[in-house]
Amino acid sequence: MDPQMSSEQLAWFFAAAPFALGIIIFVATYLAKRGETAQTVPIGQSFACASCGRRGLREHMTPRLHDGAVSWLCHRCSH
């Protein structure tokens, strides 16, 4: 009995191994992700500071009312 692999067996092994590993990774990823639902997060509206132009979220800005209009100021310019 010859314990060595023939060149055909060796070529088949190296040809099939990446394919088999790819299928295993694909199946594992599918099983891990199949119960998840897509969550869409709305993009937060940002406002520019009326004085310096720095952008920030509405919660981080200070509104300034003048003549019926609203301008938003950052925390540095509102002082």
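For the structure, check the block above.
The following paragraphs examine the structure supplied in this document. (Residues numbered from 1 in each chain as written. Predicted model: local features only at pLDDT ≥ 70, side-chain atom pairs only at ≥ 80, totals over all residues. Heavy atoms only, no water.)

### Looking at the overall build of the protein
And step 1. In terms of helices and strands, the protein carries 1 helix and 4 strands.
And step 2. Counting helices and strands in the order they occur from the N terminus, the protein gives α-β-β-β-β.
And step 3. Residue burial in the protein is summarised as follows: out of 79 residues, 11% are buried.
And step 4. Sequence-distant contacts in the protein: of pairs separated by 6 or more residues, those separated by 24 or more amount to 16%. (Helix = DSSP H or I, 4+ residues; strand = E, 2+ residues; numbered from the N terminus. Buried < 20%, exposed > 50% of the residue type's maximum accessible area, 1.4 Å probe, protein only. Contact = heavy atoms within 4.5 Å.)

### A closer look at the pairing of strand 4 (residues 69-73)
And step 1. Two elements, strand 3 (residues 62-66) and strand 4, share 5 bridges in a ladder whose sense is antiparallel. The residue bridging arginine 64 from the neighbouring strand is serine 71, located in strand 4.
And step 2. The loop that links strand 3 with its antiparallel partner strand 4 comprises 2 residues; one of these, aspartate 67, has a positive phi angle of about 50°. (Pairing = 2+ DSSP bridges.)

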